[in-house]
Amino acid sequence: MSVRAEAGYPRSMPTDDIRLHVVSGKGGTGKTTVAAALALALATKGKRTLLVEVEGRQGIAQLFDVPPLPHDERKVAVAPGGGEVFALAIDTEEALLDYLDMFYNMRRAGSMLRTMGAVEFATTIAPGLRDVLLTGKFCEATKRTEKGQYVYDAVVVDAPPTGRVTRFLNVNREVSGIAKVGPIRTQADSVMRVLNSPQTAVHLVTVLEEMPVQETIDGVQALRESNLPVGHIIVNMSRTPLLDSAALEEAAEGTLDRSQIAADLKAAGVVGRRGASTAVVVDALVDEARDHAERVTLEEGELIRLEPLELPVAQLPLLDDGIDLAGLYSLAQSLREQGLA
Amino acid sequence: MSTPTWNVDQLIDDPNTRIIVCCGSGGVGKTTTAAAVALRAAERGRSVCVMTIDPARRLAQSMGLTELDNEPRPVSGIKGDGQLSAMMLDMKRTFDEMVEAHADSERAEQILSNPFYQALSSSFAGTQEYMAMEKLGHLRAQSDADGTWDLIVVDTPPSRSALDFLDAPARMGTFLDGRFIRLLTAPARSAGKGIGRIVNAGFGVFTGVLTKVIGAQVLKDLQAFVGAFDALFGGFRERAEATYSLLQDSGTAFIVVAVPEPDALREASFFVERLAAEGMPLAGLVLNRVQESAAPALSAEQALAGAERLSDEETGELTAALLNLHAARMNTVTRQEHLAERFTGAHPAVPVCQVPAFAGDVHDLDGLREVGVHLAQ
C-alpha cells in the first residue's frame, strides 16, 4: 500500500532467529486466525511448528475443523512442502499437575490438591501463578530438544488480548508481588529469560479502526516499557482499494460522472429492459463508491497513526467469504511474502 | 422466513423498563449500542444513567467522559426534557469501595494492602464482570433511594464470551466459598470440634505440600487474606445474589448485540439460550454493521458479468470498477443474510433489529442519534 511505502517502514524484521511468536490483538481483530496462519507459514518447507492456545476457548480446533483439543500436542495441519503444525490447548489445571510432576515428582499430591479445590483456587486467585503455568508451558515447548535438535522449529502462541498481554508475559513482575523466593519465583525467572530474549517476538494484530489502533499503540508502549520484544504489527482484514485515487476523490466529493456511468451500464447490459432501473443502480453505485472512499480514507488515517511506532507492518486482506481452511493457507502465504516467515 | 422485528422505542418509552443490559461478545459494538439507546431514551424524556466499560476515546469525550472516575456525570447537549448521565466503570475502585463498605477501617486497610487482594482486584478474570454487576446494583439502589434515574443502561465488559457477564458473580462466589477457602480458614473456625481435628490432620499434609510449592511467605499472605476476606464474604454474596435476581426482574431487558459473523452469532445464540434458561427477559437482538445495498436487484454475478463486458470498452473502466465494488458488497450482503437467517432459524422467536454498517466510526452525539434512529425502525 502506498502509505506504507512512503513512510519508509522497514520491510520486515529478520525473523530467522525468532522461535517464539506471541500473537495478541484486540478482541474481534482475528488474532486466533492470524496466529494459526503464522504457524502454517512458519511450518512451510518441512518445518514443524506448535500453535498454542491459552484461553481455553478451543478457537484453534474450530479454525482447523478438528475435534476439541486435549491438553496434549497433536498434529492439526500439514503445511505446503511437507511441514507440520501441531496444536496444544493448555489446560491450566493440567499444566499445574505437569509442573508439580516435573519439579517435585508430586503428581499424586497434585491430584489431592485438585480434589480439595486448591488447583482452581491457585489458578483463580493468583492470575500471576496462572500465567506462570501458561507461559512456563509454552516456553518449555520452545526450549525442548530431542537428540540435540529442537522439537519445534517455532512456537506460535494465541495470547490474551492486547489489553492483558503485557501483564500475561510479564509474569516476573506479577509474581514478585506474591512470591519473592521459592520454586515459583525460580520458574518465573526462567520464563522471563526466554521472553526477554531475541528469540521471542510479540506481534500485535489490529484492524484499521479507531479503537483497535489506539489499543495497539498503547499495547506497544506497555510492551516496550516492560522490555518485551515487539515484532510486527499485523493489519488484518484490510481492504484493497478497488478504485484508483482520482476516482476515490471524485467518489468522496460526489462528482462521479453519472451520465457516463448510466451509459456504460446500458452498454454492459446490466440495466434496462429486464434489469434494474438505471437511476436506482447509478445512485447505488455512486453511494457505494462514496462509502468505499470514506472507508479507504479512514483506514489510511489509521495506518498513519501507526507510523510513529516505527514497527514493520504486514497487511492481510479481508476475505469476502469468511475464514475457512483455504483462507488460512492464503493468509499464511501472504505472511510469508511479507517476511514474517 | 419472516423474522420478528422489534423497536427500541417500545422498550424505552415503557416506564416499567428500569434496566437495560447490552451484552454480546467483544468487538460487536456493545458500548455504542448502549450509548445510543441511553441517548435516545433521554431525548424521549427519560432520566437515564449509562454505565460504559472501556469506551472508545472520542466516544467517551463526546459524552464528557474525560477520566475514569467511577461516578456518573451529566452529559451536555441532550435535546428535550430528559437527562443523561454517563460513567466509565473503574473496576479496582469499585472493588475497593465494596471492601470499605463492608469492613471496619483497620480490616479494610489490611485487605487492601494484601498482595492477593491486589491481584484479585486488578486482574482476576471475571472481576470486571463482577464489578459491573456490583456497580449496577449500586446505581439501582441509588436511583431507588432518591429517584435520580428512572432508567439505567449498562454496557458489559469486553470478554470473548458474552456469558462471562452472567457467570462471573457465580464463579467468584464458588471460588470465595470453595472448599479450599474453607480449608484455609478451617483451623481458626472449627478448633476443638471433632470434625475440625480431622480436617486439621489433612490440613497439615496439605499445607506441607503448599509450602513446598508456593513457599511459606506466600502461604502466610494467602491465609491472612482469606481470613480477613472471609468475614466480608457473606455480605458480598448477598449483594451479588440481589443484583443477579434484579436481572430476572420484569423491569429489566437484555439487548443481545452481535455482528453478522459466525463467532459473534454463535455467542449470541449461547446467550439467548442462557437468558431463557435463567428466566431473564430478552428484548431482542441488535445486529450491528449489516452491509446493505440500494440496488439489491443487481446481483454480484450480474455486476461481475457487466464489469467483464465493459473491460473491452475504452471508456468503461470506472464503471467496471464500480460494478466490481458492488459485486464485493453484494457477496457480503448475501453471506450476512445467510448467517442472520441461520440465527433466526435456530431462534425463531427472537426479534432482530438491524443497524447498517456506517462508513466511519460513531464518535459523537449525532452519530449516536443516527444509530438510535435505526434501532427504532
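Reading the values: the criteria
- Residues numbered from 1 in each chain as written.
- Chains lettered and ligands numbered in written order.
- Predicted model: local features only at pLDDT ≥ 70, side-chain atom pairs only at ≥ 80, totals over all residues.
- Helix = DSSP H or I, 4+ residues; strand = E, 2+ residues; numbered from the N terminus.
- Buried ≥ 20, exposed ≤ 12 C-beta atoms within 10 Å, placed from the backbone.
- Contact = placed C-beta atoms within 7 Å.
- Pairing = 2+ DSSP bridges.
- Axes fitted to C-alpha atoms, helices over the stretch in contact; angles between N-to-C directions.
- pLDDT = per-residue confidence, 0-100.
- Core = buried A, V, L, I, M, F, W, Y, C linked by C-beta atoms within 7 Å.
- Expected span 1.5 Å × (residues − 1).

**Q** Hey, could you go over the overall build of chain B for me, with residue numbers and the actual values?
**A** On a plain count of helices and strands, chain B comes out with 15 helices and eight strands. The 377 residues of chain B split such that 47% are buried. When contacts within chain B are restricted to residue pairs at least 6 apart in sequence, long-range pairs at least 24 apart make up 76% of them.

**Q** Explain the sheet that holds strand β4 (residues 83-88) of chain B to me, and be specific about the residues and the numbers.
**A** Backbone hydrogen bonds are what pair the strands of a sheet, in a parallel or an antiparallel way. Residue and element names in this part refer to chain B. Spatially, β3-β4-β2-β5-β1-β6-β7-β8 is the arrangement adopted by the eight strands of the open sheet, whose pairing is mixed. Pairing within the sheet leaves two strands with one partner each, and these edge strands are β3 (73-74) and β8 (352-356). Pairing geometry for β3 and β4, over two bridges, is antiparallel. Bridge pairing links Arg 73 to Ala 86 in β4. Contacts between helix α12 (residues 262-278) and the sheet are confined to β1 (19-23), β6 (252-258) and β7 (282-290), with β6 contributing the most and set at about 160° to the helix.

**Q** Run through the confidence of the model for chain B, naming residues and quoting values.
**A** For chain B, per-residue confidence averages 83 on the pLDDT scale, and 83% of positions sit at 70 or higher. The ipTM value of the predicted complex is 0.78, and its pTM value is 0.82.

**Q** Report on the sheet that holds strand β8 (residues 200-206) of chain A, specifying residues and quantitative values.
**A** Residue and element names in this part refer to chain A. The strand order across the open sheet built from eight strands is β3-β4-β2-β7-β1-β8-β9-β10, with neighbouring strands paired in mixed fashion. Two strands lie at the open edges of the sheet, namely β3 (74-79) and β10 (313-317), each paired on one side alone. Here the strands of the sheet are splayed against their neighbours by 25° on average, with no regard to which way each runs. In this structure, strand β9 (residues 230-238) lies alongside β10, joined through four bridges in parallel fashion. Bridging across to β10, Ile 234 finds its partner in Ala 314. Across the face of the sheet, helix α8 (residues 162-169) comes into contact with β1 (20-25) and β8 while running at roughly 145° to β1.

**Q** Give a detailed account of the nonpolar core, specifying residues and quantitative values.
**A** Core analysis: the largest hydrophobic core is formed by 95 residues, its most contacted members being Val 37 and Ala 38 of chain B. Counting residues per element, this core draws most heavily on helix α2 (residues 30-43) of chain B, which supplies eight residues. In this view, Val 37 of chain B contacts Val 8, Ile 12, Ile 20, Val 153, Ile 255 and Leu 375 of chain B; residues no more than four positions away in its chain are not counted. Judged by nonpolar contacts, the second largest core, of 83 residues, contains Leu 38, Ile 60, Leu 97 and Ile 233 of chain A.

**Q** Mind laying out α2 of chain B, listing which residues take part and the relevant values?
**A** Taking 1.5 Å per residue, 14 residues should reach 20 Å; α2 of chain B reaches 20 Å between its end C-alpha atoms and fits that length. With its phi angle positive at about 105°, Gly 45 of chain B sits one or two positions after the end of α2 of chain B.

**Q** Could you give an account of the pairing of strand β5 (residues 151-155) of chain B, naming the residues involved and the relevant values?
**A** Put simply, side chains in a regular strand alternate between the two faces of the sheet. Residue and element names in this part refer to chain B. Summarising burial for β5: five of the five residues are buried, a large majority. Side chains of β5 alternate between two faces, with Leu 151, Val 153 and Asp 155 and Ile 152 and Val 154 buried alike. Pairing between strand β2 (residues 47-52) and β5: four bridges, direction parallel. Residue pairing in the sheet places Met 51 in a bridge with Val 154 of β5.

**Q** Lay out unusual backbone geometry in plain terms, naming residues and giving numbers.
**A** Residue and element names in this part refer to chain A. The phi torsion at Lys 147 lies on the positive side, around 50°, for a residue other than glycine. Assignment of secondary structure puts Lys 147 in the loop between β5 (145-146) and β6 (149-150). The phi dihedral of Glu 310 is positive, around 50°, even though this residue is not glycine. You can see Glu 310 is positioned in the loop between α14 (278-306) and β10.

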